[in-house]
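The chain contents come next:
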Amino acid sequence: MNEFRATLAIVRRHLDRRFAIDWAMQFGIVAAIAYAFTRTFAHPILPLLIASTLAAASTAERTHAESLRRLTFFAMPLYGRQLARAHAIAPSLLALSIPAGYALGSALRTREFPLPLFLAMTCAALIATLVSLSSIFREGVRAWLYVALAILVGPIVTLPYVLRPAHETWYALALTAVIGFFALRAFGETLARYDPLPL
Amino acid sequence: MKIFRAIDVAFERDGVALMAPFSLALEAGGDAELMQPSARAASVAARICAAIVRPTRGVAYVGDFETRLQPPQAKRMVGFVDRAGFSGDDHALRCEVAFRADVWNLDKSAAQARASLVLEALGEGAYARAIALALVADVALLVLDQPASNIARSVRDIAPGAAIIATIATIASTP
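Since we're looking at a predicted model, the values are computed, not measured. (Residues numbered from 1 in each chain as written. Chains lettered and ligands numbered in written order. Predicted model: local features only at pLDDT ≥ 70, side-chain atom pairs only at ≥ 80, totals over all residues.)

J.: Would you take a moment to explain the overall build of chain B for this structure?
T.: Each helix and strand in chain B was counted, giving 6 helices and 10 strands. Computed over its C-alpha atoms, the radius of gyration of chain B comes to 15 Å, within 12% of the 16 Å expected for a compact globule of 175 residues. Each principal axis of the C-alpha distribution contributes one length, and for chain B these read about 45 × 35 × 30 Å. Of all intrachain contacts in chain B linking residues separated by at least 6 positions in sequence, the fraction that spans at least 24 positions is 59%. (Helix = DSSP H or I, 4+ residues; strand = E, 2+ residues; numbered from the N terminus. Rg over C-alpha atoms; globule rule 2.2 N^0.38 Å. Contact = placed C-beta atoms within 7 Å.)

In structure tokens form, the structure reads like this:
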């Protein structure tokens, strides 16, 4: 088994035309929000909340969730953690459209967009995505709780930046790496325990 | 050598049995039909045989690998054919064969050639395409979820060395 080749094949499968459309749409929506409201967002927590909410919601979106639940993925000779890593790459790339879109909209309106805020939004969106992935393989209240957790945890990892924006971006990045690692492991466990039953 | 062993395997969800419990042992090149009371139960049983779903009671082995503890090793020996078959067109089929060749770490052109050979033998149709995909890798066990009887007979000629399990629903329903 060549794990890298298998991972690449799964990632390529996710990066289809629909993914490109979703990326562009999300980028456009966030750019429009940023252009319209960036001057009213006095505190950085607001764009961070937008980033994590959008990332958690788009990850748990029904069509996207169904594509991850396809039976073909569960017939493959891979461990849950290997499948989790492969499944997480495309949603993480999709999450990057949020800070990118916000940066464009904000720069068009105010002619400036601080790099630390871009990094913090990236951290919030990535963490919300990784936590929200586990909601896909759960039903009802438990799925919604994971989405709520994702929306909450996204801004929490950026607290070092929110509290002291000038100095603490690196702490936020380190916190993102740690929480992201555990979120991905939890997603791997979820996949390993998931039984794809027929309807 | 036993390719598949299931000992008192059952599956329950929220206290409700989703299939009839079964035990089964199958040698290389052997065939077995697994009767289940409904189409859904037959699909659950097929997925358990293919190590996709873990039994809630009992134990199942593919080769020497316990399906609950070593699912990737077990799945590597199994070709699974879903009841719905593969409904994609020729291009989608070629993409799927290439995808499986990547995942199973096979030569892509050899995998395409093998799929074409299977389709030549079985003819067209969603189920035949799904069998062609399942046989892209050289599997020891082929699990067919509720196949049509004519296809089930033809498969033996294509994969003479493989053990074949076909699930059958005693109350049939349209996929």
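J.: In this structure, what is going on with the interface of chain A and chain B? I would like to understand it.
T.: Tallying the contact residues gives 18 residues for chain A and 16 residues for chain B. Residues of the side of chain A that touches chain B, tallied by class, amount to 14 nonpolar, 1 polar and 3 charged. (Nonpolar A, V, L, I, M, F, W, Y, C, P; charged D, E, K, R; others polar.)

J.: Explanation requested: the pairing of strand β10 (residues 163-169) of chain B in the structure shown.
T.: For a regular strand, the rule is simple: side chains alternate between the two faces of the sheet. All names here are of chain B. Of all 7 residues in β10, 5 are buried, a share of seventy percent or more. Pairing between strand β9 (residues 141-145) and β10: 5 bridges, direction parallel. What sits directly across from L142, in β10, is I164. Note on the crossover from β9 through helix α6 (residues 149-158) to β10: the handedness is right-handed. (Buried ≥ 20, exposed ≤ 12 C-beta atoms within 10 Å, placed from the backbone. Pairing = 2+ DSSP bridges. Right-handed = clockwise from strand over helix to strand, strands pointing away.)

J.: Quick question: what am I supposed to make of the nonpolar core here?
T.: Proteins that are soluble and globular tend to have nonpolar side chains buried together. Ranked by size, the top nonpolar core spans 116 residues in total, and within it B:I131, B:L141 and B:V143 carry the most contacts. Element by element, the count of residues in this core is highest for helix α8 (residues 115-133) of chain A, at 12 residues. In this structure B:L141 touches B:I3, B:F4, B:V62, B:M77, B:V78, B:A162, B:A163 and B:I165, once residues within four positions along its chain are discounted. (Core = buried A, V, L, I, M, F, W, Y, C linked by C-beta atoms within 7 Å.)

J.: I tried to follow the sheet that holds strand β1 (residues 2-10) of chain B on my own but got confused; where do I start?
T.: Sheet strands pair via backbone hydrogen bonds, and the direction of the pair is either parallel or antiparallel. All names here are of chain B. On the basis of which strands lie adjacent, the open sheet formed by 4 strands has the order β4-β1-β6-β7 and antiparallel pairing. Since the sheet does not close on itself, it has two edges, and those belong to β4 (22-27) and β7 (65-66), each with one partner. In terms of strand pairing, β1 meets strand β6 (residues 57-62) through 5 bridges, oriented antiparallel. Of the residues in β6, the one forming a bridge with R5 is Y61.

J.: For this particular structure, what's the right way to read the sheet that holds strand β8 (residues 78-81) of chain B?
T.: Residues and elements named next belong to chain B. On the basis of which strands lie adjacent, the open sheet formed by 4 strands has the order β5-β10-β9-β8 and parallel pairing. This sheet does not close on itself; its edge strands, each paired only once, are β5 (31-36) and β8. Across this sheet, the average inter-strand angle for adjacent strands is 15°, counted without regard to direction. Contacting β5, β9 and β10, helix α1 (residues 39-49) runs over the sheet at an angle of about 160° to β10. Contacts between helix α5 (residues 126-134) and the sheet are confined to β8 and β9, with β8 contributing the most and set at about 165° to the helix. (Axes fitted to C-alpha atoms, helices over the stretch in contact; angles between N-to-C directions.)

J.: Sorry, what's going on with the packing of helix α3 (residues 45-60) of chain A against α8(A) here?
T.: To characterise two packed helices, one gives the angle between the axes of the helices and the distance between these axes. Residue and element names in this part refer to chain A. Between α3 and α8, the shortest axis-to-axis distance is 8 Å and the interhelical angle comes to 30°. Relative to α8, the element α3 is oriented roughly parallel. Along this stretch, α3 crosses α8, giving a crossing that reads as right-handed. Taking contact as the criterion, the partners of P47, L48, A51, S52, A55, A56, T59 and A60 in α3 are, on α8, L117, A120, M121, A124, A125, A128, T129, S132 and L133. The class makeup of the residues in the contact of α3 with α8 is 13 nonpolar, 4 polar and no charged. (Parallel < 35°, antiparallel > 145°, perpendicular 65-115°, else oblique. Left-handed = near helix turned anticlockwise from the far one by under 90°.)

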